Amino acid sequence: MKIVNKVPLLPFLKEGVVEAGCDEAGRGCLAGPVFAAAVILPPDFECAELNDSKQLSEKKRYVLRPLIEERALAYAVGVVSPKEIDEINILWASVLAMHRAIDQLSLRPEHLIIDGNRFRKYDDVPHQCVVKGDGKYLSIAAASVLAKTYRDDFMNQIAEQYPAYKWEKNKGYPTKDHRAAIEQFGPTEHHRMSFTLLDPQLKINFED
């Protein structure tokens, strides 16, 4: 069996400045807000287990969250509601969530590294977009863990009000069970009405 060693994540992109990593969670969901986090880590931060949150188990993400929060120089989480997502679209809602996270940082960043390839400038702070940055830089990976776990907490909470949609399991993503519940019970105030909530392949066109 071939063993592939994980490439260590880098501590920063730009040396010698206060750099915040930003990432979001929930872009592809049918329900729930989009969450984003901004994290400023100390230059000597090390954590071999930290990685893109999608590569980590749920249990591992929740183990890492308090470690990140304890050792970060500053961190914050921003949220954009489904209604706002419908108004400005999910791409710019994700960027807005990052801006809201940066707004709350107790330490002003001098440079931003953003997971993905699109961003709107935040004040006069220079930034760099990094495709798959959550698998390359520690601060973006840390932001991905915070955004994901805080969003999961929220989805678990609203799942208690709407058990039919099984958000405690699917977290709002377009699973078969989730779409079946939408078809049976209709959308809730937590659904993104600008998204395709029902699978178009399941709809029969009686006019044919």
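Residues numbered from 1 in each chain as written. Predicted model: local features only at pLDDT ≥ 70, side-chain atom pairs only at ≥ 80, totals over all residues. Heavy atoms only, no water.

A. Structural detail: the environment of Val 34. Mapped onto the secondary structure, Val 34 falls in strand S2 (residues 34-40). For the pair formed by Val 34 and Val 131, sequence separation is 97 residues and the distance between their alpha carbons is 19 Å. (Helix = DSSP H or I, 4+ residues; strand = E, 2+ residues; numbered from the N terminus.)

B. Region of the structure containing the side chain of His 111. Considering the arrangement of structural elements, one finds His 111 in strand S4 (residues 111-115). A polar side-chain atom of His 111 sits 2.8 Å from a polar atom in the side chain of Glu 19. The residues contacting His 111, other than those within four sequence positions of it, are Leu 13, Lys 14, Val 17, Val 18, Glu 19, Ala 20, Val 125, Pro 126, His 127 and Gln 128. (Polar contact = N/O pair within 3.5 Å; in protein donor to acceptor, adjacent residues only side chain to side chain. Contact = heavy atoms within 4.5 Å.)

C. Broad picture of the confidence of the model for the protein chain. Of all residues in the protein chain, 93% have pLDDT values of 70 or greater, and the mean over the chain is 93. Scored below 50 in pLDDT, residues 1-5 shows zero contacts in the model against residues more than four places distant or in partner chains. Throughout residues 204-208 the model reports pLDDT below 50, and contacts reaching past four residues in sequence, or to other chains, amount to zero contacts. (pLDDT = per-residue confidence, 0-100.)

D. Inspection of the packing of helix H1 (residues 58-71) against helix H4 (residues 138-159) at higher detail. Two elements in contact, H1 and H4, have axes separated by 9 Å at closest approach and are oriented at 120 degrees. It follows that H1 is oblique to H4 by the angle criterion. H4 is crossed by H1, and the crossing has left-handed handedness. Contacts between H1 and H4 involve Arg 61, Tyr 62, Leu 64, Arg 65, Ile 68 and Glu 69 on the former and, on the latter, Ala 142, Val 145, Leu 146, Lys 148, Thr 149, Tyr 150, Asp 152 and Asp 153. Residue composition of the contact of H1 with H4, by class: seven nonpolar, one polar and six charged. (Axes fitted to C-alpha atoms, helices over the stretch in contact; angles between N-to-C directions. Parallel < 35°, antiparallel > 145°, perpendicular 65-115°, else oblique. Left-handed = near helix turned anticlockwise from the far one by under 90°. Nonpolar A, V, L, I, M, F, W, Y, C, P; charged D, E, K, R; others polar.)

E. A look at the nonpolar core. Of all hydrophobic cores here, the largest spans 25 residues; its most connected members are Cys 22, Val 34, Ile 102, Leu 105, Leu 112 and Phe 119. With nine residues, helix H3 (residues 90-103) is the largest single contributor of residues to this core. If sequence neighbours within four positions are ignored, Cys 22 has contacts with Ala 37, Ala 38, Met 98, Ile 102, Leu 112, Ile 113, Ile 114, Asp 115, Ile 140 and Ala 143. Counting residues in each nonpolar core, the second largest holds 21 residues, with Ala 37, Val 39, Ala 143 and Val 145 among its members. (Core = buried A, V, L, I, M, F, W, Y, C linked by side-chain atoms within 4.5 Å. Buried < 20%, exposed > 50% of the residue type's maximum accessible area, 1.4 Å probe, protein only.)

F. Representation of the sheet that holds S2. An order of S3-S2-S1-S4-S5 is seen for the five strands of this open sheet, with the pairing classed as mixed. Edge positions in the sheet fall to strand S3 (74-80) and strand S5 (127-130), since each has one partner strand and no second. Pairs of neighbouring strands in the sheet enclose a mean axial angle of 20 degrees, with direction left out of account. In terms of strand pairing, strand S1 (residues 19-25) meets S4 through four bridges, oriented parallel. Across the sheet, the residue bridging to Cys 22 is Ile 114, located in S4. Contacts from H3 reach S1, S2, S3 and S4 within the one sheet, and its direction differs from that of S2 by about 40 degrees. On top of the sheet, H4 reaches S1, S2, S3 and S4; it is set at about 35 degrees to S1, its chief contact. (Pairing = 2+ DSSP bridges.)

G. Quick look at the pattern of salt bridges. Inspection of every chain in the model, using the stated rule, returns ten salt bridges. Among the salt bridges present, the one from Glu 49 reaches Lys 60, with a minimum N-O distance of 2.7 Å. Of this pair, Glu 49 sits in the loop between S2 and H1 while Lys 60 sits in helix H1, placing them eleven residues apart in sequence. Residue classification places Glu 49 among the partly exposed positions, given a relative accessible area of 46%. The partly exposed category is assigned to Lys 60, whose relative accessible area is 24%. Residues Glu 87 and Lys 83 are paired through a salt bridge, measuring 2.8 Å at the closest nitrogen-oxygen approach. In this pair, Glu 87 and Lys 83 both sit in helix H2 (residues 82-88), four residues apart, roughly one turn of the helix. By the burial criterion, Glu 87 is exposed, and Lys 83 matches it. (Salt bridge = Lys/Arg side-chain N within 4 Å of Asp/Glu carboxyl O.)

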